Amino acid sequence: PPMFRAALIAVSLIVAPSTALAQSRAVDLDRFDGRWFEIERSHNDVQKDCSRAQIDFTPQDRPDRYGLVVTCTRLADGRNETLRAAARITDTTTNAKFRFTLPGLLSFGGLAGQNYWVWDHDPNYDWAILALPNKSDWWIWHRDQNASAADRARLLARARALGLDMSQVVSTGR
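Remember, it's a predicted structure, so these values are computed and weren't measured experimentally.

Cut-offs and rules
- Residues numbered from 1 in each chain as written.
- Predicted model: local features only at pLDDT ≥ 70, side-chain atom pairs only at ≥ 80, totals over all residues.
- Heavy atoms only, no water.
- Helix = DSSP H or I, 4+ residues; strand = E, 2+ residues; numbered from the N terminus.
- Contact = heavy atoms within 4.5 Å.
- Areas by Shrake-Rupley, 256 points an atom, 1.4 Å probe, with all protein chains shown as cover.
- Buried < 20%, exposed > 50% of the residue type's maximum accessible area, 1.4 Å probe, protein only.
- Salt bridge = Lys/Arg side-chain N within 4 Å of Asp/Glu carboxyl O.
- Core = buried A, V, L, I, M, F, W, Y, C linked by side-chain atoms within 4.5 Å.
- Pairing = 2+ DSSP bridges.
- Phe/Tyr/Trp six-rings, centres within 6.5 Å; stacked < 30°, edge-to-face > 60°.

Visitor: Tell me about the overall build of the protein chain, and name the residues and values.
Guide: From N to C terminus, the protein chain includes three helices and nine strands. Going from N to C terminus, the protein chain has its helices and strands arranged as α-α-β-β-β-β-β-β-β-β-α-β. When contacts within the protein chain are restricted to residue pairs at least 6 apart in sequence, those whose partners lie at least 24 apart make up 55%. Working note: accessible area of the protein chain is about 8,100 Å², and carbon and sulfur atoms make up 52% of it.

Visitor: Help me get a handle on unusual backbone geometry, residues and values and all.
Guide: In this structure, Tyr125 takes a positive phi of about 60 degrees despite not being glycine. Looking at where Tyr125 falls in the secondary structure, it is placed in the loop between strand S6 (113-121) and strand S7 (127-131). Residue Tyr125 is classed as buried on the basis of its relative accessible area of 5%. If you check the backbone angles, Lys135 has positive phi at about 65 degrees while not being a glycine.

Visitor: Break down the pattern of salt bridges for me, with residues and values.
Guide: Enumeration over the complete set of coordinates arrives at ten salt bridges. Here Asp64 makes a salt bridge to Arg65, at a shortest N to O gap of 3.4 Å. One continuous salt-bridge network, built from bridges that share partners, spans Arg74, Asp77, Arg79 and Glu81.

Visitor: Before we move on, could you go through the nonpolar core and cite the residues and values that matter?
Guide: Phe32 and Phe57 are the most contacted members of the largest nonpolar core, which totals 25 residues. Element by element, the count of residues in this core is highest for strand S4 (residues 80-89), at four residues. Counting 15 residues, the second largest nonpolar core, distinct from the first, contains Trp117, Leu156, Leu164 and Met166.

Visitor: Explain the pairing of S6 residue by residue, including any values.
Guide: Of all nine residues making up S6, seven are buried, and the element is well covered by its neighbours. Relative to S6, strand S5 (residues 97-101) is paired through five bridges, and the arrangement is antiparallel. Bridge pairing links Phe100 to Gln114 in S6. Across four bridges, S6 lies against S7 in antiparallel orientation.

Visitor: Describe the packing of aromatic side chains, naming the residues involved and giving the relevant values.
Guide: All chains considered together, the criterion is met by ten aromatic pairs. Between Phe57 and Tyr66 the ring centres are 4.7 Å apart and the planes differ by 5 degrees, which places this aromatic pair in the stacked class. For Phe57, a relative accessible area of 0% puts it in the buried group. Given the relative accessible area of 6%, Tyr66 is considered buried. Look at Phe57 and Phe98: their rings are 5.4 Å apart centre to centre, the planes differ by 80 degrees, and that puts the pair in the edge-to-face class. With Phe57 in strand S2 (residues 50-59) and Phe98 in strand S5, the pair connects residues that are 41 residues apart, well separated along the chain. The burial state of Phe57 is the same as that of Phe98; both residues are buried.

Pasting the structure below:
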């Protein structure tokens, strides 16, 4: 279903240095927690009808487990959809790599999951650039839903420097 796919894609996260070939860098999870807004992303079929995505990233009962609540406004009818997912840290050295799964039967054993990496982030955790490990899909999260045009341009340039495909950028959150 579309919501399942949207959940897997919208729930992307975590960090990496500024060089294009670098891998994710350490994430302070206490500072990464909280509310994020997707402001830019690559085109993907799962989110084609989604705009103004809001992501709430919250710690759960175990140190390496997080909950995600993704709320998105559907372009077709303006209706809000909410998706819940679980995140497990897969690299506890950097805390920058996660596996997201949806609740329910398919999540047993991680069958309905996707890996996400935070390729880069602001030192103050005002923004983060997330992508799949192969960089095929990516997202820019910001703490401010109405990030300035200058911030957007700077973050898109940074994503390009990380080697992310900029051929089909979708601006969201406006």
